[in-house]
Number of protein chains: 4
Amino acid sequence: MLRVGVIGTGGIGRAHVERIATCIPDAKVVAVNDISEESALAVAGQYGIRCEKDPHALIGAEDVDAVIVTTWDRTHEEFVVSAIREGKHVFCEKPLSNTSQGCRNIMDAEIAGGKRLLMVGFMRRYDKGYRQMKAAIEAQKLGEPLLVHAQHRNAAPTGEKHTTEMSVNGALVHEFDITRWLVNDEYETAQLICPKSTKNADEDLIDPQMVILRTKSGIHIDLEIYMNCRYGYDIQCEVVGEEGTVRLPDPANAIFRKDGGRTYEIYSGWAKRFEEAYETEMKEWVKCVLKDDLSECPTAWDGYVTAVVAEACTKARLTEGTVRIDLIEKPEFYN
Amino acid sequence: MLRVGVIGTGGIGRAHVERIATCIPDAKVVAVNDISEESALAVAGQYGIRCEKDPHALIGAEDVDAVIVTTWDRTHEEFVVSAIREGKHVFCEKPLSNTSQGCRNIMDAEIAGGKRLLMVGFMRRYDKGYRQMKAAIEAQKLGEPLLVHAQHRNAAPTGEKHTTEMSVNGALVHEFDITRWLVNDEYETAQLICPKSTKNADEDLIDPQMVILRTKSGIHIDLEIYMNCRYGYDIQCEVVGEEGTVRLPDPANAIFRKDGGRTYEIYSGWAKRFEEAYETEMKEWVKCVLKDDLSECPTAWDGYVTAVVAEACTKARLTEGTVRIDLIEKPEFYN
Amino acid sequence: MLRVGVIGTGGIGRAHVERIATCIPDAKVVAVNDISEESALAVAGQYGIRCEKDPHALIGAEDVDAVIVTTWDRTHEEFVVSAIREGKHVFCEKPLSNTSQGCRNIMDAEIAGGKRLLMVGFMRRYDKGYRQMKAAIEAQKLGEPLLVHAQHRNAAPTGEKHTTEMSVNGALVHEFDITRWLVNDEYETAQLICPKSTKNADEDLIDPQMVILRTKSGIHIDLEIYMNCRYGYDIQCEVVGEEGTVRLPDPANAIFRKDGGRTYEIYSGWAKRFEEAYETEMKEWVKCVLKDDLSECPTAWDGYVTAVVAEACTKARLTEGTVRIDLIEKPEFYN
Amino acid sequence: MLRVGVIGTGGIGRAHVERIATCIPDAKVVAVNDISEESALAVAGQYGIRCEKDPHALIGAEDVDAVIVTTWDRTHEEFVVSAIREGKHVFCEKPLSNTSQGCRNIMDAEIAGGKRLLMVGFMRRYDKGYRQMKAAIEAQKLGEPLLVHAQHRNAAPTGEKHTTEMSVNGALVHEFDITRWLVNDEYETAQLICPKSTKNADEDLIDPQMVILRTKSGIHIDLEIYMNCRYGYDIQCEVVGEEGTVRLPDPANAIFRKDGGRTYEIYSGWAKRFEEAYETEMKEWVKCVLKDDLSECPTAWDGYVTAVVAEACTKARLTEGTVRIDLIEKPEFYN
């Protein structure tokens with residue numbers, strides 16, 4: 001039984017608490033913390049668990065075997081490093097840090113500790129559709145991958161005021177991770193294109209945006225991020241190889257013939273779209289932690305790469321040019 | 001150049017005239033006739049062709065090489081037999097006759113003349129989707145066919161008051177023909193099931209209806225006819241074989257992602273749904289007539305079989321039982 | 001925490017044990033039994049739980065709160081009744097009994113006890129696709145349902161020698177349940193049609209078969225059962241209503257463009273096809289038992305109805321006629 | 001009746017001759033010419049028409065009302081200008097010229113003549129799917145278009161040795177035309193990206209390539225050209241607007257469930273894929289010429305724009321940068 005402490009009881013944190021309570025017999029949440037004590041107390045009360053006022057006390061608590069960090073992006077580094085220093089496993093939501101330097105600090109801490117303790121919450125790697133795609137690519141069913149076309153569309157931004165940078169750092173970061181995972185290659189350059197914006201976007205927001213990436217082996221990747229597509233939450237991905245292509249399927253929804261058309265629903269939000277992937281992800285984390293083997297999980301290096309890409313995208317946007325993605329040498333530790 | 005006379009200038013007749021004028025260089029309509037002289041004159045005027053007051057004069061006219069009959073069902077026999085006796089090729093819309101006896105009379109006339117002169121307008125045999133299905137079956141891609149499931153749905157009946165019998169005799173007759181053509185077998189029994197009717201049907205109309213057929217080799221066929229499905233004109237067909245199934249595709253229409261769904265249009269009427277099939281059919285007829293070889297065209301025998309099935313369905317409906325489909329022995333002439 | 005005893009450690013029993021162990025924090029299996037002590041011991045060993053030699057001892061054990069019965073069909077009645085008499089909740093795999101009389105005995109026992117204790121394992125009611133269909137029907141999106149067309153195809157039978165009766169009793173029973181649940185109506189008549197059999201079937205097996213059902217309100221239902229379709233495990237269902245239709249979607253699998261075609265995989269077996277539904281089912285059972293409220297679960301009445309339909313199908317097959325489905329009056333207890 | 005002369009009796013020329021002979025009653029081919037007299041004689045013999053040794057004699061012949069030019073790209077200008085100077089309507093296959101200057105010369109000739117006489121063979125504008133897309137966009141069903149993603153894939157190049165430039169000039173030119181037609185905007189910049197090439201390409205060929213275009217209003221367009229995709233001839237296009245997206249459908253082909261998958265065929269070549277569009281195109285040309293009104297047809301300006309884009313793509317490839325698409329001011333004549 002894995003005893004878990006959760007720092008951050010916003011929407012995603014609460015969803016993890018609920019998921020562990022209802023789907024994962026091998027784990028239980030024993031303590032929660034949030035910068036809003038009210039929020040933490042509410043969750044603690046609902047699930048009959050302890051509320052820790054101090055996040056570091058939670059991390060250090062004897063009955064906490066592992067930590068989940070779902071706080072604001074800029075605080076991830078602090079809590080993750082703290083957990084690593086305590087020698088505790090830690091699951092951190094993406095993005096791992098709001099800066100690539102933050103990710104490097106985390107890697108430094110983890111390497112210093114000498115043991116893999118961190119998993120980053122790139123849950124799409126646990127989605128059945130993406131896994132089928134990766135399996136096909138690895139089985140060489142398409143020959144070498146040459147191109148990736150992907151679209152990431154949200155009906156509309158939620159929460160705090162959405163900025164042009166957040167589209168890339170907060171949303172497209174999923175594509176940065178899943179794409180390199182699918183084609184098993186590293187990025188080399190980034191370009192960001194700002195087309196005409198939709199009238200449905202807030203005044204300062206550039207929306208949609210297109211990011212063009214190139215990998216070291218020469219694979220071309222084009223990624224659409226569109227936060228105000230209005231019609232639903234729609235994630236598309238096609239990998240084009242030497243012998244054929246593979247595409248992410250739409251979720252299976254009931255098919256109507258009605259009102260002059262054949263229609264199925266597109267989900268309105270990410271929570272429902274990736275519900276199963278989130279559950280699989282958390283199960284896998286618990287399983288890997290209990291086995292003390294995180295070799296198959298998304299690492300700090302993965303978090304670092306996506307942070308560097310996001311920074312390159314911002315630079316590419318401001319300079320309107322193609323920007324090199326300068327990664328440090330990959331530490332042996334993460335191979 | 002095939003010179004054609006058209007008897008019947010209602011919607012379908014006019015469509016044939018237009019089709020020949022715009023798509024078939026090897027034929028031209030030289031004369032038209034209709035019980036409504038006004039209608040015939042209008043068409044004649046529009047296309048600059050002759051209006052013949054008397055249908056038999058049209059059939060006998062020297063400059064008429066071949067005749068198209070698109071009049072009321074009950075008059076088909078008269079005009080078709082007349083054309084055959086004149087030794088002229090004749091294309092007759094389905095159903096060939098409103099009675100199986102009428103079809104027999106036509107067969108007798110044709111056999112007496114000693115030459116295939118008639119093609120019945122089962123235009124679905126010229127639809128690309130059905131042809132692909134037949135090609136797959138004949139190539140033994142599915143092994144032996146065992147089952148057929150088909151649906152024939154109209155948004156709503158048009159024209160004169162629609163009766164329960166017309167659903168079968170006028171609409172489902174297409175399935176009677178296309179199904180036996182697909183599986184290359186003859187019918188043995190028929191059953192007709194009257195489910196609960198839709199509130200959208202006229203008071204006396206049983207709608208939908210289900211017809212269950214069995215072929216001599218034991219293939220099971222279930223056919224839905226639904227005249228008031230409301231959502232469009234929708235034709236579905238699946239043949240189930242020993243090694244797999246093949247299904248008629250929906251027409252290719254643009255795919256929208258919009259308003260929370262992924263949608264494509266279903267056509268509202270048969271004219272658009274089978275536009276290409278009608279054109280191919282007429283081209284094939286002209287080609288076959290000019291080659292004087294109708295061996296590949298739907299015959300009087302095909303028209304006869306569907307008439308017998310329709311009569312069996314009526315009997316089955318009235319007796320609520322399974323009815324034998326008693327066909328005369330197939331004349332050598334039609335092999 | 002619900003403490004569960006499992007009688008029957010064949011494939012399905014083991015799958016339930018595994019599911020509870022890995023997906024359901026609120027339950028744990030504490031004891032297992034099987035007619036093959038070797039099988040029970042193996043499972044007990046693997047999961048570190050107790051093996052009970054006597055099924056009735058398992059049912060009566062103090063630390064067993066609820067029982068799962070996954071033994072041979074003919075033994076269901078004995079164990080279910082025993083559990084009910086002990087006042088314990090019991091989950092029984094479909095079919096509830098191999099005879100309708102067995103189901104009646106179970107109902108009698110449950111009614112005598114005065115409390116709903118039984119859930120029958122009609123797991124399709126927990127499948128997302130069927131739930132979307134039911135939700136649409138209940139929301140009157142299609143108007144009244146008039147027709148149901150469904151296909152149940154297996155690649156090939158597994159296990160013991162498959163008989164014509166087993167296709168109906170063991171496999172099509174799923175359709176008997178899900179269809180009446182979808183349209184919320186009761187059956188009135190059954191007919192069974194034996195088409196030409198596939199060459200891939202064992203000599204004595206009639207395969208495929210068609211079952212035609214009619215509900216009290218006049219809904220027509222046609223069900224295909226095909227145990228040797230070869231190409232995969234394929235479950236299709238379309239409900240046709242007054243204003244449109246709704247169809248079960250295929251599972252979402254990655255889409256390939258390759259070798260001249262666009263293709264996605266069809267699963268080869270039921271375990272993968274309904275994996276999610278099985279998990280949801282078991283979760284719902286545990287939740288309902290812990291709440292002591294089975295009002296939303298499939299009941300002994302549901303099991304009884306499907307048993308009567310199965311018996312009517314056998315009779316219909318032997319008599320080649322339409323057979324009335326004679327249900328006893330529905331006990332108030334099950335409303 | 002339009003009397004047509006055809007210059008160029010290669011595959012496409014012959015297809016036009018056949019099409020006119022079999023589908024277009026209002027036109028007939030009266031003379032053919034080819035640089036290979038043998039080829040021209042063969043076609044002339046097959047269709048019983050005249051072979052003209054000199055292309056200019058054909059253009060000037062009294063019985064030739066209009067000319068079709070399907071020769072090598074570099075000779076288009078000569079024959080088109082010649083036809084225009086004779087005051088004859090001329091249909092020219094795409095690309096209109098192998099240089100933008102050639103297109104300008106054609107425009108100059110046409111403007112000097114004072115009358116629209118040229119239609120360029122951008123046949124995709126006559127494809128049903130694209131027309132549905134354009135209709136939806138023009139009806140403002142998607143709001144303003146913001147992005148276009150398109151893929152142009154060939155199984156393998158045919159004919160003469162295929163070069164990197166030919167992928168763009170010969171094949172992608174279709175996308176250059178159809179995209180601006182769909183979104184009704186003009187191009188501003190072009191970028192060409194050379195990803196890793198497929199092992200299936202000839203040594204010198206860069207394949208696939210990606211072209212990124214931007215329109216004056218800021219619409220982003222990314223076009224994939226892939227000449228060796230192996231699996232078939234596959235044309236995809238999605239327009240993303242403010243309120244939704246619309247996508248070109250796959251052709252409707254029969255759907256198989258077989259061998260563990262659900263599959264439909266992708267055509268292997270362009271001739272079958274766009275068969276209907278080619279026929280519609282030729283019919284429209286004949287109709288417009290007979291009405292002496294080419295206002296709805298693709299113009300020399302359209303041919304010029306695509307030539308400029310193609311040249312910009314070559315420059316972009318060689319400079320690895322973003323290149324302005326410098327168009328001359330659009331002559332009033334073409335508005």
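Everything below is about the structure shown above.
Residues numbered from 1 in each chain as written. Chains lettered and ligands numbered in written order. Predicted model: local features only at pLDDT ≥ 70, side-chain atom pairs only at ≥ 80, totals over all residues. Heavy atoms only, no water.

Draft legend 1. The relation of the copies chain A and chain D, seen in detail. Overlay of chain A on chain D (RMSD 0.0 Å): rotation 180 degrees, translation along the axis 0.0 Å. On the angle and the small slide along the axis, the relation comes out as a two-fold axis. Most of the interface of chain A is mirrored in chain D, where 100% of its interface residues again form contacts. (Least-squares fit on C-alpha atoms with pLDDT ≥ 70 in both. Contact = heavy atoms within 4.5 Å.)

Draft legend 2. Inspection of unusual backbone geometry at higher detail. At the junction of Lys94 of chain A and Pro95 of chain A, the peptide bond is cis and its omega measures out at -10 degrees in the coordinates. Assignment of secondary structure puts Pro95 of chain A in the loop between strand 5 (89–93) and helix 5 (100–113). Phi angles above zero are rare outside glycine, and Asp292 of chain B is one such case at about 55 degrees. Within the secondary structure layout, Asp292 of chain B lies in the loop between helix 9 (275–291) and helix 10 (300–319). (Helix = DSSP H or I, 4+ residues; strand = E, 2+ residues; numbered from the N terminus.)

Draft legend 3. Spatial organisation of the packing of helix 1 (residues 11–23) of chain A against helix 9 (residues 275–291) of chain A. Residue and element names in this part refer to chain A. Between helix 1 and helix 9, whose axes approach to 10 Å, the crossing angle comes to 75 degrees. Considering the angle they form, helix 1 stands roughly perpendicular to helix 9. Contacts between helix 1 and helix 9 involve His16, Arg19, Ile20 and Cys23 on the former and, on the latter, Tyr278, Glu279, Glu281, Met282 and Lys283. Residues of the contact of helix 1 with helix 9, tallied by class, amount to four nonpolar, one polar and four charged. (Axes fitted to C-alpha atoms, helices over the stretch in contact; angles between N-to-C directions. Parallel < 35°, antiparallel > 145°, perpendicular 65-115°, else oblique. Nonpolar A, V, L, I, M, F, W, Y, C, P; charged D, E, K, R; others polar.)

Draft legend 4. Representation of a positive patch on the surface. There is a patch of like positive charges on the surface, built from Lys128 and Lys272 of chain A together with Lys128 and Lys272 of chain C. Mapped onto the secondary structure, Lys272 of chain A falls in helix 8 (residues 270–273). (Patch = residues over 30% accessible without salt bridge, like charges linked within 9 Å, V, L, I, M, F, W, Y side chains within 5 Å. Areas by Shrake-Rupley, 256 points an atom, 1.4 Å probe, with all protein chains shown as cover. Salt bridge = Lys/Arg side-chain N within 4 Å of Asp/Glu carboxyl O. Lys, Arg positive; Asp, Glu negative; His and termini not counted. Charge placed at Lys NZ, Arg CZ, Asp CG, Glu CD.)

Draft legend 5. Looking closely at the interface of chain A and chain D. Each partner contributes to the interface: chain A provides 39 residues, whereas chain D provides 39 residues. When chain A packs against chain D, close to 2900 Å² is buried across both sides, 50% of that on carbon and sulfur atoms. A per-residue breakdown of the area chain A buries against chain D is headed by Leu146, Lys196 and Glu242 of chain A, which together make up 21% of the total. Joining chain A to chain D, the criterion identifies eight salt bridges. Its salt-bridge partner being Lys196 of chain A, residue Glu144 of chain D comes within 3.8 Å of it at the nearest N-O pair. Broken down by secondary-structure element, the contributors of at least two residues to the side of chain A that touches chain D are strand 7 (145–153), strand 8 (187–193), strand 9 (209–215), strand 10 (220–226), strand 11 (234–241) and strand 12 (244–247) of chain A. (Buried area = accessible area lost by both parts, 1.4 Å probe.)

Draft legend 6. Region of the structure containing the interface of chain C and chain A. Contact residues are listed per partner, giving 34 residues for chain C and 34 residues for chain A. Among the residues of chain C in contact with chain A, Pro25, Ala252 and Ile255 of chain C are the three that bury the most area, contributing 19% of the side total. Between Lys283 of chain A and Glu279 of chain C there is a salt bridge, and its shortest N-O distance comes to 3.7 Å. Connecting chain C to chain A are twelve residue pairs in polar contact (both at pLDDT 80 or more). Elements that contribute at least two residues to the side of chain C that touches chain A include exactly helix 1 (11–23), helix 6 (128–138), strand 12 (244–247), strand 13 (255–258) and helix 9 (275–291) of chain C. Top contributing element to the side of chain C that touches chain A by residue count: helix 6 of chain C, with five residues. Here the residues of the side of chain C that touches chain A sort into 16 nonpolar, six polar and twelve charged. (Polar contact = N/O pair within 3.5 Å; in protein donor to acceptor, adjacent residues only side chain to side chain.)

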